[in-house]
Amino acid sequence: MKPILIVSATQQSTKNINDLQVSKSICFITQSDFKNNSSIKYKSETVTENTDGLSKVYNRYITPEYAEKFDFIVFCHDDVFIDDGMLQEKLYKAHNELKYDIIGVAGGIDPVIEFPTLWHIMCKRENHRGQAAHPAPNNTLYTTVFGQTPSRVVIADGSFLAIHLPTILKTSWKFNENYKFHHYDIASCIDAHKMGLKVGVYPIYIIHNSPGLEGGVFEPNWLKSNNTFLAEYASRK
């Protein structure tokens, strides 16, 4: 098995990189100093002081050059703690046994593309899949069990998305660069599904240190992205 490349992007400066949840988790799963980046199983790259959309950043890694070194690339948000020392084994199992090409932790099937364009609302409750943990008061956690896992899905949440790079490179799929942050995950997964790629969720354990969509669905940047998304996908549901 080849090492897993873990990629994230942050607006934080390089001097603060070790304070990121994703950086701390890499230390945890490798049991080595993050700066050394010497683990056999895991390598990492964090784009600091980032001002580009996540799709644009992520697409830079979908190349034959990276495929020479890595079978899987994990794209995750900088506020995600990967709490799973079996990550490498699980990604290989998800692809080799279940044939998943894009692997997330939570998502849904049979979305109805309409406002508000949030995956857990566009997909009925019975169509939710996967799980994720979030911080709770008094230094505790709560785990949201969306539904069964592993499972095929149409949409996977962008907090954690892994791709099987050799398979992806056989297609024209890329992250949809029409979206900088909001909706990039939904759009890209729908594109993959329509191209015949298999999107699935797998019981990989993460802690997402985020309160969710700050400012609500009527926040101006989200609304602008929502309108773009509806114009592109509502007629294709």
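Residues numbered from 1 in each chain as written. Predicted model: local features only at pLDDT ≥ 70, side-chain atom pairs only at ≥ 80, totals over all residues. Heavy atoms only, no water.

A look at the overall build of the protein chain
- What the protein chain contains, in helices and strands, is eight helices and 13 strands.
- On C-alpha atoms alone, the protein chain measures out to a radius of gyration of 17 Å, which is about the 18 Å that the 2.2 N^0.38 rule sets for 237 residues.
- Judged by the C-alpha coordinates and their principal axes, the protein chain covers about 50 × 45 × 35 Å.
- The buried share of the protein chain, taken over its 237 residues, is 54%.
- Across the protein chain, contacts joining residues at least 24 apart in sequence account for 75% of those joining residues at least 6 apart.
- Working note: accessible area of the protein chain is about 11,100 Å², and carbon and sulfur atoms make up 51% of it.
- Averaging the positions of the 24 positive and the 25 negative side-chain charges in the protein chain gives two centres separated by 4 Å. (Helix = DSSP H or I, 4+ residues; strand = E, 2+ residues; numbered from the N terminus. Rg over C-alpha atoms; globule rule 2.2 N^0.38 Å. Buried < 20%, exposed > 50% of the residue type's maximum accessible area, 1.4 Å probe, protein only. Contact = heavy atoms within 4.5 Å. Areas by Shrake-Rupley, 256 points an atom, 1.4 Å probe, with all protein chains shown as cover. Lys, Arg positive; Asp, Glu negative; His and termini not counted. Charge placed at Lys NZ, Arg CZ, Asp CG, Glu CD.)

Concerning the pattern of salt bridges
- Inspection of every chain in the model, using the stated rule, returns four salt bridges.
- Note that K2 is salt-bridged to D71, the shortest N-O span being 3.8 Å. Placement of K2 in the segment before strand 1 (4-9) and of D71 in the loop between helix 3 (64-67) and strand 3 (72-76) is noted, with a sequence separation of 69 residues between them.
- By relative accessible area, K2 is classed as partly exposed at 28%.
- On the basis of relative accessible area, D71 is assigned to the buried category, the value being 15%. (Salt bridge = Lys/Arg side-chain N within 4 Å of Asp/Glu carboxyl O.)

Points about helix 7 (residues 184-194)
- Among the 11 residues of helix 7, nine are classified as buried, and the element is accordingly described as predominantly covered.
- For helix 7, the set of buried residues is Y184, D185, I186, A187, S188, C189, I190, D191 and A192.
- Positive phi appears at G196, one or two residues downstream of helix 7, with a value of about 90°.

A look at the state of the cysteines
- Inspection of every chain in the model, using the stated rule, returns zero disulfides.
- With no disulfide of its own, C76 lies 13 Å from the sulfur of C27, the closest cysteine sulfur.
- For C76, a relative accessible area of 0% translates into the label buried.
- C189 provides the cysteine sulfur closest to C123, a residue in no disulfide bond, and the two sulfurs are 11 Å apart.
- Overall, the relative accessible area of 2% leaves C123 in the buried class. (Disulfide = S-S within 2.5 Å.)

A few points about the sheet that holds strand 1
- The sheet built from seven strands is open, its strands ordered 2-1-3-11-5-12-9 with mixed pairing. Looking at the sheet topology across the chains shown, the edges are occupied by strand 2 (42-47) and strand 9 (151-152).
- Of the pairings in the sheet, the one linking strand 9 to strand 12 (residues 199-201) comprises two bridges and is antiparallel in character. Along strand 12, the bridge assignment pairs R152 with G200.
- Set on the sheet, helix 4 (residues 87-96) makes contact with strand 1, strand 2, strand 3, strand 5 (102-104) and strand 11 (160-164); between it and strand 3 the angle comes to about 110°. (Pairing = 2+ DSSP bridges. Axes fitted to C-alpha atoms, helices over the stretch in contact; angles between N-to-C directions.)

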